[in-house]
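# Report on the structure
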Amino acid sequence: MRALYRLLLLVCPRAVRDAHGAEMEALFAECLERERARRGRLGRAGAVARGAADLLMFSLDARRDLRDQARLRRTAGINPDRRSPLVTSQHLRSTARFVRRQPLFAAGIVGMLALGIGATTAIFSVVYGVLLKPLPFPDSDRLVEVRGSRLDRGWGEVRLTEAGVWDLADMNHTFESFGGWQDVVAILTDASGPDLVPSAFVTSGFFRALGVTPIQGRLFSPAEDTPAGGGVVRPVIVSHGLWVRRYGADPLLVGKTITFGSGPRTVIGILPAGTPWLDRADVFLPMVRRADANRQGLEYSAVGRLKPGVTIPDALAQLTVVAKELERRYPATNTGLGVALEPARSWIASDALRQTLWMLLSAVGLLLVIACVNVTNLMLARGAAGARESAVRTALGASRRDLILQWVTESLVLSVLGSSLGLVLAEGLLRLMQAVSPGDIPRLGEASIDAWAFIVAASLALLIGIAIGLAPALRAPQGDVIPALKQGQRGEVGDRRASRLRDVFVGAEVALSVTLLIGAGLLVRSFVQVLSVDRGFASDHRLMATVSIPVSFPPDRWTQMMTDVLDRVRAMPGVISVAAMSGRPLSSGTSGLGLAAAADHPEASNAAVPWGTSLFVTKDYFETMGVPLIKGRVFDGSDGTEMIGQPWRAVISQRVADVLWPGQNPIGRTIVLWKGQNDTPAEVIGVVGNMRAGGLESGPTLAVYLPGDHGNRAVLNLVVHTSVDPDSFVPALRAAVGQVDRHLPVTNPISMDRAVIVSVGSRRFTMFLLTAFAALALVLAVAGVYGALAYSVSRRTGEIGLRLALGAEHGRLLRFVISQGLRPVLIGLVAGLTSAFLLSGLMQTLLFQVRPGDPLTYAGVAVVIGCTSALACYLPARTVLRVDPATALRAE
Amino acid sequence: MADEFELPPHWFQILLALADHDLHGLAITKEVFDRTAGRLHLWPGMLYGALRKMTGAGFVAETSAPADFTSGGGRPRFYRLTPLGRRTCAAEARRLAAFVAAARAKKLIKA
């Protein structure tokens, strides 16, 4: 019962509790005992109730007393009680008064902080979500992706071969578990019809290495890696995404049979949600170990879980030994094949993305600093204006601590408001980023304003609030308050030190925003460069689309079907020309091949073989894509790779000709395709212009075009040159293909212009964000320039009036004021240009055909800053012209 | 001032208890309880609330414990009557005595 009473004592004000608590508790025990003696158990219960009520009344009374005392002290504006809490309601009330009196000032501060904190929090959320958030796998620091390397061809990382996966699984000593993966696409048929779903063959070790536990069912067992292993059940595992999307999270899916690929399969497990790997495919099949596993195609991925204590360099060294052994055993296929390891932390974000995101975070950090400098400047100005108020309070006996607490409370309240508003802004900015993102930033969709974002926003609010509150507080009068009282009354410009500090701040703001603007400018210039690079093909009025062929489509009808489709489309109104091709430009995934001139020494090593891309195209391809013919002829419909008895014919790009036959005429010569693999000879019949098919930023590809007019099943991408808007042509194209065969779906239609934009999507995204931040920085900095000068002019009305009265000309005075305002801007501009020049080297990899020291960008930024600042100075300076000497002097 | 207002009964009793010696809270309660034959029971909040208020009004003051004081533990606060408190208590006693005298005059009680 005493413990209960001790608990109840907590309702009392602390000071009272400290003074009397122990005695009250003892007394209560006494009362309790007495009541029990007098009235028994009932009396004791009554006493408890009575005691509690008594205590409550006492605490209410004590609180009222303390409040009254505080009010007494407050009327004097003095708080001598040094043991009072740090921030009292008095401070808060005074802050509220300040906000009520200067709502615009307060709103400006809150707005600037909200912008800075909001942008920082949003970018932080992205950086956290994309780069920092742990992977959904236990002990992921022990996970590596195992890749191959063909350093002889300049490829640091390639995929593995089928045999390579099993070789590594058998011969490594470094992994606790290891598994392979092959991407495939197959048709899933169920009640809602057939659908093409991304799938994968995985070995039983794959998910075990990742440490994944299925949310239902089981993973593949090692027995299922063997041809006989599955028995009659042909097992599949489905992804979390497919389970939810397609099966409505059916709790009984495990054990059911679905029709997938070539027949019925039994679902044995459901994976948890997550990125990467777990969402890369929707249906997983066991990868069966074949005796004659392929040693050529580089189509397999693999992951391994390192044994405890094994480092990545250790593992790489051991696996390299294995690769050397394989080279010795299979010289024909494995020569030059090495091993590369990619630690799990870079699975999500490539180095380029990592660099981009950190750059954006730094940019947004600069923006926040600019906002803070601006706010500090405003607070200092207010501090100068409030110097007299502080002096009065000091004279009345307020302690220095009190004044500082007052300043800090005000700035804290403002920064907390700014931060709360910033969180709302951050949410909006994050949504916007998710909407405009090119879609190749992994996990961006999952990023959210979560607990971490709150922590960041709250810490920023606290830090900034205290820092900007301390700045004017530390300048509060010390010791002798008489000068401050006098000075404040006369409304002078404040002391010299204050005005110099303001100049430093303005200069810093300008310097920071110049740095940001130059960064953004360089990216904009790069973007323009990328778009205007000679891409080697025309993109306007071109539409691309894919005709998806069901597995069941009879092969013998293929040529006829494709010919029909092309003829029908060609005959449509609005079509200038149409062609089919085996791969789309600007998309990865065209297969590579080694090239050689037939006259080369046959013993030339594979290492020296130039590597190019091959594309099967129909005869109108070059015309439709706008690729110019340079020499010879293009296909005329009579050339074919499937036609027995005829040699292959090839059209090559100018680069291939330059590499294989520099300075000679390549027409009629024989080129060896797939050099080192199956050495197919082909006659060169034409040379066409270079094309940046692998993306605008990579150089022109070494392209070999092969005829695809006759029965080539790879040719299923259409490209149509229209005279109408290509996007409006899509329905007509669908209809035309449907008329040939209504089972032929047209997928992924996209105008070539759009495809170009998509291919530079991440560059566009980065440019867009950095430009937005730079623009905000510019606005803040210019506002800072304006604010500082406007303040200084308003404080010097008297001086200006005096000068006018003494005969100064308006024009000269105007120039004088503007030059005073511009001086810190110029210093900041020079500092900003210098720092941008030093920092822009870090952006090198993000630039395209633009040097980090690009003079045009620097000059442009200087002009922008100069003009906007001059305007920002002119506006407050203009008030000089309106000063009436008589009024100004009277005010003095 | 001392004559101007009526003291709450428990204030009077506390002052009365302190009239001849300095006491701590528990002792005050005991004395009041005994003197009123259990009719006035001072609960902790009541007692200390009154002591705080009377300290503020200058009727009582905290004082050091007498040299011979020993306790089971802790050092309770002792209170003493101030001259103002003594006058106030006396005034209240006189006020009450006047009522008693009136009752006696009306022969309600014997002398």
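Just so we're clear, the structure is a prediction, and the values are computed from it rather than from any experiment.

This paragraph deals with the overall build of chain B. Secondary structure summary: chain B contains four helices and three strands in total. Taken across its 111 residues, chain B has 29% of its residues classed as buried. Taking the intrachain contacts of chain B between residues at least 6 apart in sequence as the baseline, contacts between residues at least 24 apart amount to 55%.

Here we take up the confidence of the model for chain A. Per-residue confidence for chain A gives a mean pLDDT of 83, with 89% of residues at or over 70. In this model residues 488-493 of chain A is a low-confidence stretch, pLDDT under 50, and it forms 12 contacts with partners more than four residues away in sequence or in other chains.

Residues and elements named next belong to chain A. A positive phi is found at Trp-277, a non-glycine position, where the angle reads about 65°. Relative to the elements of secondary structure, Trp-277 occurs in the loop between strand 8 (263-270) and strand 9 (283-286). In this structure Trp-277 comes out as buried when scored by C-beta crowding, with 24 C-beta atoms within 10 Å.

All right, on to the sheet that holds strand 1 (residues 23-24) of chain B then. All names here are of chain B. Reading across from one edge, 1-3-2 is the order of the three strands in this open sheet, with antiparallel pairing throughout. Strands with a single pairing partner mark the edges of an open sheet, and in this sheet they are strand 1 and strand 2 (60-63). Two strands pair when backbone bridges link them, and strand 1 and strand 3 (residues 78-81) are joined in this way by two bridges, in the antiparallel orientation. Within strand 3, the position partnered with Leu-23 by the bridge is Tyr-79.

Our next topic: the packing of helix 3 (residues 89-101) of chain A against helix 13 (residues 400-436) of chain A. Residue and element names in this part refer to chain A. Relative to each other, helix 3 and helix 13 sit at 60°, their axes nearing to 9 Å. Compared by their axis directions, helix 3 and helix 13 come out oblique. The chirality of how helix 3 crosses helix 13 is right-handed. Contacts from His-91, Leu-92, Ser-94, Thr-95 and Phe-98 of helix 3 reach helix 13 at Leu-405, Gln-406, Thr-409, Glu-410 and Val-413. Looking at the contact of helix 3 with helix 13 residue by residue, the class counts come to four nonpolar, five polar and one charged.

So, on to the nonpolar core. Residues and elements named next belong to chain A. If you look at the biggest cluster of nonpolar residues, it comprises 106 residues, and the most contacted ones within it are Leu-113, Leu-367, Ala-371, Leu-516, Phe-773, Ala-777 and Val-785. When residues in this core are grouped by element, the largest group, 18 residues, is from helix 22 (residues 761-795). Excluding residues within four positions of it along the chain, Leu-113 makes contact with Ala-371, Val-375, Leu-414, Ser-415, Gly-418, Ser-419, Gly-422 and Ile-464.

Now for the interface of chain A and chain B. Contacts between the two partners involve 17 residues from chain A and, on the opposite side, 14 residues from chain B. Its residues assigned to classes, the side of chain A that touches chain B shows 10 nonpolar, two polar and five charged.

What follows concerns the pairing of strand 17 (residues 648-653) of chain A. A regular strand places its side chains so that they alternate between the two faces of the sheet. Residue and element names in this part refer to chain A. Of all the six residues making up strand 17, five are buried; the element is thus mostly covered by neighbouring parts of the structure. As paired elements, strand 17 and strand 19 (residues 680-688) share six bridges and run parallel to each other. If you follow Trp-648 over to strand 19, its bridge partner there is Ala-682.

Residues and elements named next belong to chain A. Put simply, helix 4 (residues 103-132) and helix 13 touch, their axes get as near as 6 Å, and they point 45° apart. Classified by the angle their axes make, helix 4 and helix 13 are oblique. Considering only the axes of helix 4 and helix 13, their crossing is right-handed. Tallied by class, the residues present in the contact of helix 4 with helix 13 amount to 19 nonpolar, seven polar and no charged.

About the criteria used
Throughout this document, residue positions are counted from 1 along each chain, in the order its sequence is written. To label them, take the chains in the order written and letter them from A, then take the ligands in the order written and number them from 1. pLDDT decides what is reported in this predicted model: residues at 70 or higher carry local features, side-chain atom pairs at 80 or more are listed and counted, and totals for whole chains, interfaces and linings draw on all residues regardless. Here a strand is any run of E in DSSP of at least two residues, a helix any run of H or I of at least four, and the numbering for each starts at the N terminus. Put plainly, a residue is buried at 20 or more neighbouring C-beta atoms within 10 Å of its own, exposed at 12 or fewer, and partly exposed in between, counting only other residues' C-beta atoms, which are placed from the backbone. Placing a C-beta atom from the backbone of each residue, one calls two residues in contact when those atoms lie within 7 Å. Every residue is assigned a pLDDT by the predictor, reflecting its confidence on a scale from 0 to 100. Think of it this way: DSSP has to see at least two bridges between two strands before they count as a pair. Fitting a line to C-alpha atoms yields each axis, with helices limited to the stretch in contact; the angle taken between N-to-C directions then spans 0 to 180 degrees. Here the angle decides the label: under 35 degrees means roughly parallel, over 145 means roughly antiparallel, 65 to 115 means roughly perpendicular, and every other value means oblique. Less than a right angle of anticlockwise turn of the near helix away from the far helix marks a crossing as left-handed, whereas a clockwise turn marks it as right-handed. Here the term charged refers only to Asp, Glu, Lys and Arg, the term nonpolar to Ala, Val, Leu, Ile, Met, Phe, Trp, Tyr, Cys and Pro, and the term polar to all other amino acids, Gly among them. Each nonpolar core reported here comprises buried Ala, Val, Leu, Ile, Met, Phe, Trp, Tyr and Cys residues connected via C-beta atoms within 7 Å.

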